[in-house]
Amino acid sequence: MTRLIDGRAIAAALRAAVAEQVARLGYRPGLAVVLVGEDPASAVYVRAKDRAAGAAGIAAQTRHLPADTSEADLLAVIAGLNADPAVDGILVQLPLPPHIRARAVIEAIDPAKDVDGFHPINVGRLHDGVAALVPCTPLGVMKLLAAADVSLRGARALVLGRSAIVGRPMAALLTAADATVTVAHSRTRDLAAECRRAEVVVAAIGRAEMVRGDWIAAGAAVIDVGINRLPDGRLVGDVAYAEAAEVAGAITPVPGGVGPMTIACLLENTVRAAMARRDP
Ligand code: GUN
């Protein structure tokens with residue numbers, strides 16, 4: 001029997017746990033979300049982050065800057081947030097307009113406030129296997145695997161995709177959990193064959209329903225990070241869900257799988273940053 005991994009329920013439980021933790025802190029952790037420009041999808045994500053943070057008792061502020069904001073002006077905003085003692089976490093929504101170098105902006109964020117875990121210091125710590133602020137989406141995937149009782153020690157895990165936001169940190173986390181990890185990507189010679197060998201598949205390649213049912217080993221755990229809109233308006237993942245669900249041991253749906261976990265993990269990272277800043 002295939003188990004459905006219910007990201008909505010698991011994320012709701014995590015948000016409730018974060019809210020309880022915040023209530024015990026005696027202060028309100030602060031989260032600043034910076035949005036540059038008018039990308040509609042980014043605006044939806046930022047509103048959702050703001051709402052979830054507020055519901056958990058986190059003091060959230062959104063800085064919405066115009067699309068023609070210069071890199072220097074954005075860096076000045078970051079410097080102000082770095083220096084603001086009420087701000088524990090800073091998140092700059094990506095993508096940024098093309099005239100701004102995302103790398104320069106990420107590197108300007110105080111690593112202790114980098115709740116996205118994108119600063120090179122936090123990336124390095126993660127790969128060194130020491131405590132770090134970890135990118136929210138792969139962290140959410142690890143929590144889904146744990147909630148579904150997927151055993152990682154010694155397991156063959158395949159990460160499809162090598163992005164800085166998901167694929168690379170995902171591989172580091174699975175490695176730290178004692179999985180045997182392969183990272184496959186658009187240049188991999190035989191993706192299907194790599195996939196068929198895997199007991200755990202994390203798909204984060206950004207191609208609608210690319211992973212077919214006959215790519216999945218019987219009983220494998222399948223985590224679908226993809227969110228793709230089809231021409232008919234439907235939202236689908238990187239995995240052909242109906243086909244894969246026939247063979248997988250456990251699988252996440254899209255929507256309602258990984259997506260809700262990302263924001264819940266952002267709240268958890270904000271509380272972690274707040275506590276670490278007060279008690280380093
Ligand atoms: N854009 C898409 N995913 C993310 C994310 O996890 N963090 C930020 N800051 N921007 C994103």
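All values derive from a computational prediction rather than experimental measurement.

Participant: Pulling in residues and values, what's your account of the overall build of the protein chain?
Facilitator: Helices and strands together make up the secondary structure of the protein chain, namely ten helices and eleven strands. For 280 residues, the compact-globule estimate of 2.2 N^0.38 gives 19 Å, and the protein chain sits close to it at 19 Å. The C-alpha extent of the protein chain, read off along each of the three principal axes, is 50 × 40 × 35 Å. Considering the protein chain as a whole, with its 280 residues, one finds that 49% of them fall into the buried category. Within the protein chain, residue pairs in contact and separated by at least 24 positions form 70% of the contacts whose partners lie at least 6 positions apart. About 12900 Å² of surface is accessible on the protein chain, with carbon and sulfur atoms providing 54% of the total. Charge centroids of the protein chain, computed over 29 positive and 29 negative side chains, lie 1 Å from each other.

Participant: Please give an account of the packing of aromatic side chains that cites residues and values.
Facilitator: Per the counting criterion, the structure on display carries zero aromatic pairs. Geometry around Tyr27 places Arg278 over its ring, the cationic atom sitting 3.8 Å from the centre.

Participant: With reference to specific residues and values, describe the site of the ligand.
Facilitator: Around the ligand sit Leu91, Val92, Gln93, Leu94, Asp116 and Phe118, and that is every residue in its neighbourhood. A distance of 2.8 Å is found between a nitrogen atom of the ligand and a backbone nitrogen or oxygen belonging to Val92. Notes on the ligand: free accessible area 280 Å², of which the protein chains cover 81%. Its atoms largely coinciding with the cavity grid, the ligand occupies the largest pocket. The residue inventory of the shell around the ligand, partitioned by class, reads four nonpolar, one polar and one charged.

Participant: Just give me the short version of the layout of surface pockets, but keep the residues and values in it.
Facilitator: Here the largest pocket defines a volume of roughly 1200 Å³. In terms of lining residues, the largest pocket is bounded by 42 residues, among which Tyr45, Thr137, Ile227, Gly259 and Thr262 are the most central. For the lining of the largest pocket, the secondary structure elements donating two or more residues are helix H2 (40-55), strand E4 (89-92), helix H6 (136-147), strand E9 (228-229) and helix H10 (259-278). It is H2 that contributes the most residues to the lining of the largest pocket, six residues altogether. Class assignment for the residues of the lining of the largest pocket results in 24 nonpolar, eleven polar and seven charged.

Participant: Can you break down helix H3 (residues 71-83) residue by residue, with the values?
Facilitator: With 13 residues, H3 extends 18 Å from end C-alpha to end C-alpha; this agrees with the ideal 18 Å at 1.5 Å per step. For H3, every residue scored as buried is listed here: Glu71, Leu74, Val77, Ile78 and Leu81. One side of H3 holds all its buried residues, which, seen down the axis, span an arc of 120 degrees. Residues of H3 that are exposed and point over 90 degrees away from its buried face: Ala72 and Ala83. Packed against the buried residues of H3 are strand E2 (30-36), strand E3 (59-65), E4 and helix H4 (102-108).

Participant: With reference to specific residues and values, describe empty space enclosed by the protein.
Facilitator: Scanning the entire structure with this criterion turns up one cavity of 30 Å³ or more. Lining the largest cavity we find Ile90, Leu91, Val92, Leu94, Ile106, Ile109, Asp114, Asp116 and Phe118. No other element matches the three residues that E4 contributes to the lining of the largest cavity. Here the residues of the lining of the largest cavity sort into seven nonpolar, no polar and two charged.

Procedures and definitions
Starting from 1, residues in each chain are numbered consecutively following that chain's sequence as written. Given that this is a predicted model, residues contribute local features only at a pLDDT of at least 70 and side-chain atom pairs are listed and counted only at 80 or more, while totals for whole chains, interfaces and linings are drawn from all residues. Hydrogens and waters are ignored; side-chain quantities use all the structure's heavy atoms. Helix and strand definitions follow DSSP, with helices as H or I runs of at least four residues and strands as E runs of at least two, each counted in order from the N terminus. Throughout, radius of gyration means the C-alpha value; the globule benchmark is 2.2 Å times the number of residues raised to the power 0.38. We call a residue buried when its accessible area falls under 20% of the maximum for its residue type, exposed when it is over 50%, and partly exposed in between, using a 1.4 Å probe and counting protein chains only. Whether two residues touch is decided by their heavy atoms; if any such pair falls within 4.5 Å, the residues are in contact. Every accessible area reported is derived by Shrake-Rupley at a probe size of 1.4 Å, with residue values counting cover from the shown protein chains alone. Think of it this way: Lys and Arg go in the positive column, Asp and Glu in the negative one, and His and the chain ends go nowhere. In plain terms, the charge of a residue is placed at NZ if it is Lys, CZ if Arg, CG if Asp and CD if Glu. Centre distance within 6.5 Å is the pairing criterion for rings of Phe, Tyr and Trp, where only the six-membered ring of Trp is used; planes under 30 degrees apart are then read as stacked, over 60 as edge-to-face, and the remainder as tilted. For a ring to carry a charge above it, either NZ of a lysine or CZ of an arginine must fall within 6 Å of the ring centroid while also lying within 35 degrees of the normal to the ring plane. By convention in these notes, a residue is near a molecule or strand provided one of its non-hydrogen atoms lies within 4 Å of it. Identification of polar contacts relies on pairs of N or O atoms within 3.5 Å, with a donor-acceptor requirement for protein atoms, meaning one able to donate a hydrogen and the other able to accept it, and with residues adjacent in sequence counted only if both atoms are side-chain atoms. A cavity here means a set of points on a 1 Å grid, drawn over the protein atoms and nothing else, where a 1.4 Å probe fits but cannot get out; a pocket is an open set with protein on both sides within 12 Å along at least five of seven lines, and a residue lines either one if it has an atom within 4 Å of a point. Pocket or cavity membership: a molecule qualifies when more than half of its atoms sit within 2 Å of the grid points of that site. Nonpolar residues are Ala, Val, Leu, Ile, Met, Phe, Trp, Tyr, Cys and Pro. Charged residues are Asp, Glu, Lys and Arg, and all others, Gly as well, are polar. Grid points are joined across faces, edges and corners, and a volume is the space filled by probe spheres set on the points. Helix span is expected to be 1.5 Å times the residue number reduced by one. For this quantity, the arc is that covered by the directions from the helix axis to the C-beta atoms.

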